[in-house]
Amino acid sequence: MKLRHYWFIVCLIIAWIASEGSQEWNKDHSEPSLKECDERSLVLNTCEEQCECNNGKLTSCYRVRKEFTEMTIEERKRYINTYKLASVHPLFKKDYEKMVRFHLNVPDHLLHGTPTIFFPWHRWFLVEFENPLRRIDCRVTVPYWDWSKVAHHWWGESEIQDLWNSGDHGFGGNGNEANGFCVENGPFSKDKWRILDVSGGGCLKRNFTKSSFRDAEHVRKTLSLPLKDFFRFDQIVRNEYHDPTHARIGGTMMHPHSSLNAPEMPLHHSFLDKIWYQWQKKGDDYKYAYFKSVTFKLPGSEYYGWEWMDSNNLPGDVKVLYTD
C-alpha cells in the first residue's frame with residue numbers, strides 16, 4: 001500500500017514538472033533575443049520564428065515550416081518527440097484527440113471531394129494542430145514532406161534522410177503484412193505508440209503501393225497554371241496529389257476515419273498547403289481566388305474560409321512561411 005502511494009506521489013510530481021516545465025520553456029523561448037538586431041534585418045527569435053527588426057524590436061514574426069527530410073537530425077527528433085508527447089500525455093492528449101474528432105466529423109465528400117473548403121479547412125487545421133505542439137515546445141512547427149523530390153523512390157527507408165528511416169529521427173517504415181500491416185520499427189512502432197480509440201485503436205499500419213507519385217516537374221507545371229484555371233489547380237491538388245498519397249501509403253492513412261492518426265498525415269497536408277501558398281504568391285488575385293464566395297463557416301471552426309487565405313495574416317495573429 002505504501003509503495004502504491006509512493007508511486008502515485010511520483011506521478012503527480014512528474015505531471016507537475018511537465019506542466020510547469022512546458023510553461024517555463026515557452027516563456028523562456030518566446031522572448032526575442034536582441035543581442036544584434038540591424039534595422040530591417042531578418043532575425044530568428046528564440047522560438048525560431050523569422051522576425052523583422054524594427055526600432056530595436058522584433059516584429060512580424062513568422063512560423064517557419066521546413067521540409068522534413070532537409071531538417072537537422074536534432075530538429076527531426078524534436079518534432080517527433082513533441083508529436084508523441086502531444087498524442088499520449090494526459091496534459092496534452094485532449095487537444096490532440098479534439099483535432100482527430102474535427103477531421104472525423106466533417107463529411108469526407110465535402111472536405112476532400114469538392115473545392116469548397118479543401119484548402120482553407122486544412123490550413124486552419126494545420127494551425128490548430130500546430131498550436132498544442134508549440135505549447136510544449138515553441139520551436140516546433142508542422143514540417144512538410146515534399147514527396148515530389150523522391151517521386152520514383154518515395155518508399156526508401158535505408159538512407160539517413162529518408163522519411164521512413166527506422167531511427168529515432170524517422171517515421172519508421174512499411175508495415176508487416178504477416179502482422180496485419182502494423183509498423184514494427186521506428187518511433188511509431190506497435191510496441192511504442194498506438195492510435196486513438198476514437199479512430200479504431202491498435203497499431204499504426206502502412207501498406208505501401210510502390211508506384212510513383214507526381215514528380216517535381218509536374219508540381220512546377222501545376223504552379224504555372226493561370227488564375228482562370230483555379231479549379232483545375234484545385235482539382236490536380238485534390239485528385240492527383242492528395243488522394244494518391246493517402247492510398248499509396250495505405251493502412252492508417254488510407255481511411256478518412258483513421259488517417260489523421262497517421263503521423264505522416266500533417267506533413268502531407270503541410271506540403272499541399274505549401275503548394276497553395278506558392279500559387280497564391282503569384283499575386284493578390286491568386287491569393288484571394290474563389291473562397292470569398294463561400295458563405296458558410298469551416299466545419300468545426302468559428303471561421304470562414306476567406307479568413308485563411310493570407311498566410312501573412314491568419315487569425316490569432318499567426319503568420320506562416322515555408323522554406324524551399
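What counts as what
- Within each chain, residue numbers correspond to sequence positions counted from 1 in written order.
- Local features in a predicted model are, by the rule used here, given only for residues with pLDDT of at least 70; side-chain atom pairs are given and counted only at 80 or more, and totals for whole chains, interfaces and linings are based on all residues.
- For side-chain calculations, the full set of non-hydrogen atoms in the structure is used, while hydrogens and water are omitted.
- What counts as a disulfide here is a pair of cysteine sulfur atoms lying within 2.5 Å.
- Here a strand is any run of E in DSSP of at least two residues, a helix any run of H or I of at least four, and the numbering for each starts at the N terminus.
- When DSSP finds at least two bridges between two strands, those strands are taken to pair.
- Between N-to-C directions, angles cover 0 to 180 degrees, with each direction set by a line fitted to C-alpha atoms, over the stretch in contact for helices.
- Throughout, a contact is declared for two residues whenever any of their heavy atoms are within 4.5 Å.
- By the definition adopted for this analysis, an angle is roughly parallel if under 35 degrees, roughly antiparallel if over 145, roughly perpendicular if from 65 to 115, and oblique otherwise.
- Put simply, Ala, Val, Leu, Ile, Met, Phe, Trp, Tyr, Cys and Pro go in the nonpolar bin, Asp, Glu, Lys and Arg in the charged bin, and everything else, Gly too, in the polar bin.
- Stacked, tilted and edge-to-face pairs are distinguished by plane angle, under 30 degrees for stacked and over 60 for edge-to-face with tilted covering the rest, among Phe, Tyr and Trp rings (Trp via its six-membered ring) whose centres lie within 6.5 Å.
- UniProt positions are given in the numbering used here, feature names are shortened, and annotations may be inferred rather than shown by experiment.
- Nonpolar cores are built from buried Ala, Val, Leu, Ile, Met, Phe, Trp, Tyr and Cys residues. Side-chain atoms within 4.5 Å join them into one set.
- Throughout, exposure labels follow a simple rule: accessible area from a 1.4 Å probe, protein chains only, divided by the maximum for the residue type, with under 20% read as buried, over 50% as exposed, and the rest as partly exposed.

**Considering the state of the cysteines**
For the structure shown, the criterion picks out 4 disulfides. Covalently, Cys-47 is tied to Cys-138 through a disulfide, its sulfur atoms 2.1 Å apart. Its torsion about the S-S bond being -90°, the disulfide of Cys-47 and Cys-138 is classed as left-handed. Linking Cys-47 in the loop between β1 (42–44) and β2 (50–54) with Cys-138 in the loop between α5 (118–136) and β4 (175–176), this pair joins segments that are 91 residues apart in sequence. Between the sulfur atoms of Cys-51 and its disulfide partner Cys-61 the distance amounts to 2.1 Å. Because the sign of the S-S torsion sets the handedness, a value of about 115° for the bond joining Cys-51 and Cys-61 places this disulfide among the right-handed ones. Of this pair, Cys-51 sits in strand β2 while Cys-61 sits in strand β3 (residues 57–65), and the two are 10 residues apart along the sequence. Each disulfide of the protein joins two cysteines, and with those cysteines numbered along the sequence the arrangement is 1-4, 2-6, 3-5, 7-8.

**Looking at the sheet that holds β2**
The 4 strands lie next to each other as β1-β2-β3-β6, forming an open sheet whose pairing is mixed. With one partner strand each, in any of the chains shown, β1 and β6 (320–322) form the two edges of the open sheet. Ignoring strand direction, the axes of neighbouring strands in this sheet form an average angle of 40°. In the packing of α5 onto the sheet, the strands contacted are β3 and β6, and the crossing angle to β3 comes to about 110°. Packed on one face of the sheet, helix α8 (residues 265–280) meets β3 and β6 and runs near 95° to β6.

**Details of the packing of helix α2 (residues 73–88) against α5**
Taken N-terminus to C-terminus, the directions of α2 and α5 make an angle of 105°; their axes are 9 Å apart at the nearest point. On the basis of their axis angle, the class for α2 and α5 is roughly perpendicular. Residues Tyr-79, Thr-82, Tyr-83, Leu-85 and Ala-86 of α2 lie in contact with α5, whose contacting residues are Phe-129, Leu-133 and Ile-136. Classifying every residue of the contact of α2 with α5 gives 7 nonpolar, 1 polar and no charged.

**Concerning the packing of aromatic side chains**
Where two aromatic rings form a pair, the distance of their centres and the angle of their planes describe that pair. This model, assessed by the stated rule, comprises 39 aromatic pairs. Geometrically, the ring pair formed by Tyr-83 and Tyr-96 is edge-to-face, given 5.8 Å between the ring centres and 85° between the ring planes. Of this pair, Tyr-83 sits in helix α2 while Tyr-96 sits in helix α3 (residues 93–105), placing them 13 residues apart in sequence. Ring geometry for Phe-233 and Trp-279: centres 4.7 Å apart, planes at 15°, overall stacked. One end of the pair, Phe-233, is in helix α7 (residues 230–249); the other, Trp-279, is in helix α8, with 46 residues separating them in the sequence.

**What to know about the environment of Lys-281**
Summarising the element assignment, Lys-281 is placed in the loop between α8 and α9 (284–287). As for Lys-281 and Ser-311, which are separated by 30 residues in sequence, their C-alpha atoms are 9.8 Å apart.

**Some words on the UniProt feature "domain: Tyrosinase copper-binding" (unreviewed entry) in the protein**
Per the UniProt record, "domain: Tyrosinase copper-binding" (unreviewed entry) is annotated on residues 112–130. Taken end to end, residues 112–130 comprises 74% helix and 0% strand; its first and last C-alpha atoms sit 21 Å apart.

**Quick notes on the nonpolar core**
Within the largest apolar cluster, 77 residues are counted, with the highest numbers of intra-cluster contacts made by Tyr-79 and Phe-233. Looking at this core, the elements with two or more residues in it are β3, α2, α3, α5, α6 (216–223), α7, α8 and β6. If you tally residues by element for this core, the top one is α5, at 10 residues. Sequence-distant contacts of Phe-233, that is, excluding residues within four places in its chain, are made with Phe-119, Thr-222, Leu-223, Leu-225, Ile-275, Trp-276 and Trp-279.

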